[in-house]
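Residue-level structure breakdown
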Amino acid sequence: MKNVLLICMFALGLAACSHQHPEEATDHTAHNAPTALALNGQERWQADEATNANIAQLQELMQEHLSQPDTNSLEAVNELGHVLQLGFDEVFKECRMKGPEHDMLHVYLMPMLDDLKAIKQPDLATATAARDRMAERLALYQTYFK
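Since we're looking at a predicted model, the values are computed, not measured.

1. Re the overall build of the protein chain
- Secondary structure assignment for the protein chain yields six helices and zero strands.
- Ordering the α and β elements of the protein chain from the N terminus gives α-α-α-α-α-α.
- Per-residue burial over the protein chain gives 38% buried out of 146 residues.
- At a minimum sequence separation of 6, the contacts of the protein chain that also span at least 24 residues come to 81%.
- Carbon together with sulfur atoms contributes 57% to the accessible area of the protein chain, which is approximately 8,000 Å² in total.

Rendered as structure tokens:
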């Protein structure tokens, strides 16, 4: 029941902050994009408010999941994958960033998309390993973005 409530709260939160206008849509095609996650010189990359808010919600979902007693059950990990999928959909939908910051955001996000697929797999070892990699990657966000 708690997980269902968490899913509903997350969906409502994302719906409340969804306000992209078609004229503000961002082109997500690759164009000489970097391939390795790095700082902007010695500074963190500037992310937009929507991205910061959506990543914070993904981080909260992961922390909530990891605090549950059944955190390593296949059902719980697969459910996390489905909830995280909604969150990643919002990150991409609301992304208005452009230029090098946008490119680096995609370098940060892309490895998690493979893990997102793996989290939803029927094999517990595969799903939990992907979940753990994603938790580590989510924790890195504030290292590279502000």
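More follows now that the structure is in view.
2. Details of the packing of helix α4 (residues 99–119) against helix α5 (residues 124–139)
- Put simply, α4 and α5 touch, their axes get as near as 8 Å, and they point 155 degrees apart. By the angle class used here, α4 and α5 are roughly antiparallel. The interaxial crossing formed by α4 with α5 has left-handed handedness. Residues Val 107, Tyr 108, Pro 111, Met 112, Asp 115, Leu 116, Ala 118 and Ile 119 of α4 touch α5, and the partners they reach there are Thr 126, Ala 127, Ala 130, Arg 131, Arg 133, Met 134, Arg 137 and Leu 138.
- Among the residues forming the contact of α4 with α5, the class breakdown is eleven nonpolar, one polar and four charged.

Parameters and conventions
Residues numbered from 1 in each chain as written. Predicted model: local features only at pLDDT ≥ 70, side-chain atom pairs only at ≥ 80, totals over all residues. Heavy atoms only, no water. Helix = DSSP H or I, 4+ residues; strand = E, 2+ residues; numbered from the N terminus. Buried < 20%, exposed > 50% of the residue type's maximum accessible area, 1.4 Å probe, protein only. Contact = heavy atoms within 4.5 Å. Areas by Shrake-Rupley, 256 points an atom, 1.4 Å probe, with all protein chains shown as cover. Axes fitted to C-alpha atoms, helices over the stretch in contact; angles between N-to-C directions. Parallel < 35°, antiparallel > 145°, perpendicular 65-115°, else oblique. Left-handed = near helix turned anticlockwise from the far one by under 90°. Nonpolar A, V, L, I, M, F, W, Y, C, P; charged D, E, K, R; others polar.

Coordinates in, geometry out; function isn't part of it.
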